[in-house]
2 protein chains.
Amino acid sequence: MTDPAQLTAQIRQLIPIFEPMGVEVVEAGRNTVAARIPAAPNVNHFGSVYAGSLFTVAEVLGGLFAQTALVLEGAVPLVKSLTIDFRRPASTAVVARASMSDEEAERVLAETLRDGKAEYLLEAEVTDEAGTVVATTRGTYQLRRL
Amino acid sequence: MTDPAQLTAQIRQLIPIFEPMGVEVVEAGRNTVAARIPAAPNVNHFGSVYAGSLFTVAEVLGGLFAQTALVLEGAVPLVKSLTIDFRRPASTAVVARASMSDEEAERVLAETLRDGKAEYLLEAEVTDEAGTVVATTRGTYQLRRL
């Protein structure tokens, strides 16, 4: 388990816009990663978390796995495409969570070592403080050796 | 043609996170709307515009049409789902642009008047300052009477 607070500081330094959004890593395990954004300043004046903030809290998970299950010297994660479905309006802080099996992580690492790159698919759920699923995402990422 | 500067001020007030991202409306016609984000603070430390910022500059277009072609008292635009494909890394300011025909606008308005809501699909292109398409999006929105 990587330290979530350390990862939070690291990603906010790499991606400056995470700072005003308040993106925070709350779980950084080999098989599950999770991130959180607070209500303010992501809630708009209609009282709902802005769509782009829901996108961000879910999208970031693909990169977090490169710090946990997909650690490979000189390799970086890239997002290739992402589909987000907005299920319900959220009016509180939200948490996005995604999982990856050991087998999938081994496949991605082996393929990247062999071919210089490998794609992986992540499905994430974004839930509000009542546990309601407010959005779901399917993202295609690539681990790539530079 | 609605005034882009006025719309910029309006959406930044409605959606506070647009302010630090620097989201700006640059075109607000009946048939075409466009928005722009600057490089800083959206460019990350890998030198590319962050995926969530590319999402945002494209996603906002669906709502802008509710200020131009889809003006209907008491009706608000909602985003239902959005797919974004990341084509190339962007390292400059980017502009997202989407179009809607008069026939499509009339259909959406008529359906909303009749049924209280109507869906519309928007395809947007996000280009960098060299004119390279860096991302494309397909968003499903709903105009809904409250």
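The notes below deal with the structure included here. Please read all numbers here as calculations on a predicted model, not as lab measurements.

## Things to note about the overall build of chain A
Helix and strand counts for chain A stand at four helices and six strands. Listing each helix as α and each strand as β along chain A from the N terminus yields α-α-β-β-α-β-β-α-β-β. For a compact globule of 146 residues, the expected C-alpha radius of gyration is about 15 Å, and chain A comes in at 15 Å, within 12% of that figure. Referenced to the eigenvectors of the C-alpha coordinate spread, the extents of chain A come out at roughly 50 × 30 × 25 Å. Taking all contacts inside chain A whose residues are at least 6 apart in sequence as the whole, residues at least 24 apart take part in 68%. Summing over all exposed atoms, chain A offers an accessible surface of approximately 6400 Å²; the carbon and sulfur share of this is 49%.

## Here we look at unusual backbone geometry
Residue Pro41(A) is reached from Ala40(A) by a cis peptide bond, and omega for that bond is 5°. By the element assignment, Pro41(A) lies in the loop between strand 2 (32-37) and helix 3 (51-64).

## Observations regarding the interface of chain B and chain A
Tallying the contact residues gives 30 residues for chain B and 30 residues for chain A. Here chain B packs against chain A, burying approximately 2500 Å² in sum over the two surfaces, 70% of which is carbon and sulfur. Linking chain B with chain A are zero salt bridges, by the criterion used here. Counting across the interface, chain B meets chain A through 11 residue pairs in polar contact (both at pLDDT 80 or more). Of all elements in the fold, only helix 1 (4-14), helix 2 (18-21), helix 3 (51-64) and strand 3 (75-86) of chain B reach the threshold of two or more residues within the side of chain B that touches chain A. The pairing of strand 3 (residues 75-86) of chain A with strand 3 of chain B spans five bridges and is antiparallel. Bridge pairing in strand 3 of chain B places Ile84(A) opposite Leu82(B).

## A word on the pattern of salt bridges
Note that side chains of opposite charge can pair when their charged atoms are close. Scanning the model with the defined rule gives 18 salt bridges over all chains in all. One salt bridge in this structure joins Arg97(A) and Glu27(A), with 3.0 Å as the shortest N-O distance. Separated by 70 residues along the polypeptide, Arg97(A) in strand 4 (residues 94-99) and Glu27(A) in strand 1 (residues 24-28) bring together distant segments of the chain. With its nearest N and O atoms 2.8 Å apart, the salt bridge here joins Arg107(B) to Glu111(B). You can see Arg107(B) and its partner Glu111(B) sitting in helix 4 (residues 102-115), four residues apart, about one turn around the helix.

## What to know about the relation of the copies chain B and chain A
Superposing the two chain copies requires a rotation about an axis and a translation along that axis. You can overlay chain B on chain A at an RMSD of 0.0 Å; the transform is a turn of 180° with a shift of 0.0 Å along its axis. The operation mapping one copy onto its partner corresponds to a two-fold rotation axis. Residue Thr83(B), judged by its C-alpha, is the member of chain B lying nearest the rotation axis, at 2.1 Å. In this assembly the copies share their binding face: 100% of the residues contributing to the interface of chain B also contribute to that of chain A.

## Some details on the side chain of Thr137(B)
Within the secondary structure layout, Thr137(B) lies in strand 6 (residues 133-145). When near neighbours in sequence (up to four residues on either side) are disregarded, Thr137(B) contacts Ala58(B), Leu82(B), Thr83(B), Ile84(B), Leu122(B), Glu123(B) and Ala124(B).

## Observations concerning the packing of aromatic side chains
For the structure shown, the criterion picks out five aromatic pairs over all chains. On the basis of an interplanar angle of 85° and a centroid distance of 5.0 Å, the ring pair of Phe18(A) and Tyr50(B) is categorised as edge-to-face. Here Phe18(A) is found in helix 2 (residues 18-21), whereas its partner Tyr50(B) is found in the loop between strand 2 (32-37) and helix 3 on a different chain. Taken as a pair, Phe18(A) and Tyr50(B) share a single burial class, namely buried.

## Digging into helix 1 (residues 4-14) of chain A
Residues and elements named next belong to chain A. Taken residue by residue, helix 1 has Leu7, Thr8 and Ile11 as its buried positions. Looking straight down helix 1, one finds that the buried residues subtend no more than 105° of arc, so they occupy a single side. Opposite its buried face, helix 1 presents the exposed residues Ala5, Gln6 and Gln13, each directed more than 90 degrees away. In the core, the buried residues of helix 1 are packed alongside helix 2, strand 1 and helix 3.

The rules behind the values
Residues numbered from 1 in each chain as written. Chains lettered and ligands numbered in written order. Predicted model: local features only at pLDDT ≥ 70, side-chain atom pairs only at ≥ 80, totals over all residues. Heavy atoms only, no water. Helix = DSSP H or I, 4+ residues; strand = E, 2+ residues; numbered from the N terminus. Rg over C-alpha atoms; globule rule 2.2 N^0.38 Å. Contact = heavy atoms within 4.5 Å. Areas by Shrake-Rupley, 256 points an atom, 1.4 Å probe, with all protein chains shown as cover. Buried area = accessible area lost by both parts, 1.4 Å probe. Salt bridge = Lys/Arg side-chain N within 4 Å of Asp/Glu carboxyl O. Polar contact = N/O pair within 3.5 Å; in protein donor to acceptor, adjacent residues only side chain to side chain. Pairing = 2+ DSSP bridges. Least-squares fit on C-alpha atoms with pLDDT ≥ 70 in both. Phe/Tyr/Trp six-rings, centres within 6.5 Å; stacked < 30°, edge-to-face > 60°. Buried < 20%, exposed > 50% of the residue type's maximum accessible area, 1.4 Å probe, protein only. Arc of directions from axis to C-beta.

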